[in-house]
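The primary structure of each chain is shown beneath.
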Amino acid sequence: MLWLALHLPFLPLDALHQSLTPTQPEPWAVVEQRGRQEQVLICNAAAQALGVKPGMRRAAAMTLAANLRIARRQPQQELALLESLAAWSLQYTPTVCLAPPHGLLLEIEGCLRYFKGLGRLRKLIAQGLVEHGWAAQMAAAPSPLAATWLAQLRPQAVIRSPEGLADGLASLPIAALPWPDDTLRQLQALGMRQFADLHSLPRDGLAHRLGHAFPCMLDQALGLQPDPRDPFEPPDRFERIVALNWATDQVEALGFVAKRLFTELAAFLMGRGLGVQQLHLTMQHEDRSKTEVTLGLGKPTRAADAMLAICRERLARLVLPAPVEAMGILASQLHRLDGQVLTLFGNASQAEDFDLLRARLMARLGEEAVQSIVCVADHRPEHAWRWAPCGSASPQLTLGERPAWLLPEPQSLELRDGYLWHGEPLQLLTRAERIESGWWDGDGVTRDYYQAQGASGRRYWIYQQRSTDSWYLHGLFA
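Okay, so let's go over this structure.

Rules of the game
The numbers attached to residues start from 1 for each chain and follow its sequence in the written order. Given that the model is predicted, a residue must reach a pLDDT of at least 70 before its local features are reported, and side-chain atom pairs must reach 80 or more before they are shown or counted; all residues, however, enter totals for whole chains, interfaces and linings. Hydrogens and water are ignored here; the side-chain numbers use all heavy atoms of the structure. Throughout, an axis means a line fitted to C-alpha atoms (over the contacting stretch in the case of helices), and angles, computed between N-to-C directions, take values from 0 to 180 degrees. Strands here mean DSSP runs of E at least two residues long; helices mean DSSP runs of H or I at least four residues long; both are numbered from the N terminus. With the far helix as reference, a near helix turned anticlockwise by less than a right angle produces a left-handed crossing, and one turned clockwise produces a right-handed crossing. Here a residue-residue contact requires only that any non-hydrogen atoms of the pair lie within 4.5 Å. In this classification, Asp, Glu, Lys and Arg are treated as charged, Ala, Val, Leu, Ile, Met, Phe, Trp, Tyr, Cys and Pro as nonpolar, and every other residue, Gly included, as polar. The criterion for strand pairing is that DSSP finds at least two bridges linking the strands in question. Salt bridges are defined as contacts in which a side-chain nitrogen from Lys or Arg sits within 4 Å of a carboxyl oxygen from Asp or Glu. Think of it in three bands: with a 1.4 Å probe and only protein chains considered, a residue is buried below 20% of the maximum accessible area for its type, exposed above 50%, and partly exposed in between. Aromatic pairs are defined between Phe, Tyr and Trp rings, using the six-membered ring for Trp, whenever the two ring centres lie within 6.5 Å; interplanar angles under 30 degrees are classed as stacked, those over 60 as edge-to-face, and all others as tilted. In this scheme, the term charge over a ring applies when either NZ of a lysine or CZ of an arginine sits within 6 Å of the ring centre and within 35 degrees of the ring normal.

## With respect to the packing of helix H4 (residues 75–89) against helix H12 (residues 251–272)
Line of reasoning, step 1. Orientation of H4 relative to H12, taken along the N-to-C sense of each, is 35°, at an axis distance of 6 Å. As for how H4 packs across H12, the hand of that crossing is left-handed. Where H4 approaches H12, its residues Ala 80, Leu 81, Ser 84, Ala 87 and Trp 88 are matched on the opposing element by Glu 264, Ala 267, Phe 268, Met 270, Gly 271 and Arg 272.
Line of reasoning, step 2. Within the contact of H4 with H12, the residues separate by chemical class into seven nonpolar, two polar and two charged.

As structure tokens, then:
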């Protein structure tokens, strides 16, 4: 087996940034409780430039940076983001395992041939991570534990065979390994500095000093003992709620939060090969009331930009009763999204563009303002259509060829030198299609319809009123 480990060193900040405004140049730090003090867990580049460092007490950090923004760690939100990344990773391998608090494991041995080698697979994954705004370190090894440690301490490292694990892990600094503080202190007291120092020690002595679990962990990392992992199983729906760091009623700030949520949703859908056609957006206010909005997307999609465009249209029309302190989305009905059909000259995206335009118009003007035209089972042309809600199905009618443009009212035609005339002489092209209908509703017609053509090449749809022998133009063919 070959495991590819993804380590997200900035996951606490990434989870936090879902609820930030776009003003990212501000210094930010994530803190967590350690004993009686809050300490900085991680901070962004702007905070580091002011001297803030991980491990620093909150009070000391605030002394260095008076305008430092502080946020408490959000483990649940970190796990939710990690699960979305796991769902996204399913497009590369069916076996993905969570390695909390900051990592994922992908078993890739069986898919290397499909992706034409490890190098190309790693490049594809790296490109996808950048596109979604995730910063991750990668490493590969035959054991999941070794891959996890290498991703944290030796990014880009690759160990292909179990025989190379001992040499590949030998130079790892023990002080940097993700082990309990008590274990690290004992090893430091014994003079242990690198992994190779541990590998040479008797396992019985290590078990006596550090417990039986410790040498077992070493053997799992070296591939000498099994290390079973539970595969990640994605949920059947996507639901995410983000608590904002402060309440706001600004559309720009809410749009930024929605963008982060849609990006996460798009990643979730990408990994499963699914799309969504309808979303439910929820905004929780300071007074605990909620505003719920349903977003119709026109057709199943997983494009974050399309979702955001429609969301912004609805937010622009929305009157919020109070500032928003939490925002969430729910995609409960997921649809299979097959690959798009390609034409000879590329991707046929016209239908997708039209569906997006229709959805955006409905979001901006209201659903009742955008309607469709559907057919009605009636032979009379002026009664064979009606307005219907957008997206309504239209029955197939077994009628003769009909023009694309039907005149609001039939126009009378005159005869000139024995020819029907409409700016030019007309010549009949077809036999008569008789329509005799409507006697039951008081609007009966008795007509013989023909296709006619003029010298210009235009085609016309005309009819003769049988009761008066008069001729009329009723439609024009494209």
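## Quick notes on the sheet that holds strand E7 (residues 137–141)
Line of reasoning, step 1. If you walk across this open sheet you meet the four strands as E5-E6-E1-E7, and the pairing is antiparallel. On the outer flanks of this sheet lie strand E5 (96–99) and E7, each paired with one strand and no other. Sheet twist, expressed as the mean angle between neighbouring strand axes with direction ignored, is 20°.
Line of reasoning, step 2. Two strands pair when backbone bridges link them, and strand E1 (residues 3–7) and E7 are joined in this way by five bridges, in the antiparallel orientation. Considered in E7, the bridge of Leu 4 is made with Ala 140.
Line of reasoning, step 3. Packing of helix H5 (residues 118–131) onto the sheet brings it into contact with E1, strand E6 (103–107) and E7, and relative to E7 it is tilted by some 155°.

## Section: the pattern of salt bridges
Line of reasoning, step 1. Tallied over the full model, the rule gives 20 salt bridges.
Line of reasoning, step 2. Between Arg 58 and Glu 38 there is a salt bridge, with the nearest N and O atoms lying 2.7 Å from each other. Within this pair, whereas Arg 58 is found in helix H3 (residues 58–64), its partner Glu 38 is found in strand E3 (residues 37–43), the two being separated by 20 residues in sequence.
Line of reasoning, step 3. Classification of Arg 58 as partly exposed rests on a relative accessible area of 29%.
Line of reasoning, step 4. Residues joined by salt bridges that share partners form a network here, namely Glu 32, Arg 34, Arg 73 and Glu 78.

## Some remarks on the packing of aromatic side chains
Line of reasoning, step 1. Counted by the stated rule, this structure contains 15 aromatic pairs.
Line of reasoning, step 2. For the pair Trp 149 and Trp 179, a centre-to-centre distance of 5.6 Å together with 70° between the ring planes defines the contact as edge-to-face. With Trp 149 in helix H6 (residues 144–153) and Trp 179 in the loop between helix H7 (165–169) and helix H8 (181–189), this pair connects stretches of sequence that are 30 residues apart. Both residues of the pair, Trp 149 and Trp 179, count as buried.
Line of reasoning, step 3. Ring plane angle 85° and centroid distance 5.1 Å describe the contact between Trp 179 and Phe 214, whose orientation is recorded as edge-to-face. Residue Trp 179 is located in the loop between H7 and H8, and its partner Phe 214 is located in helix H11 (residues 213–221); the two are separated by 35 residues in the primary sequence.
Line of reasoning, step 4. On the accessibility criterion, Trp 179 (7% relative accessible area) is buried.
Line of reasoning, step 5. Among the aromatic residues, those joined into a ring-pair cluster are Trp 88, Tyr 92, Tyr 114, Phe 115 and Trp 134.
Line of reasoning, step 6. Above the ring of Trp 246, the side-chain terminus of Arg 69 is found at 5.2 Å from the ring centroid.
Line of reasoning, step 7. Across the ring face of Tyr 463, the terminal group of Arg 447 is positioned such that the distance to the ring centre comes to 4.6 Å.

Geometric values such as these leave the question of function open.
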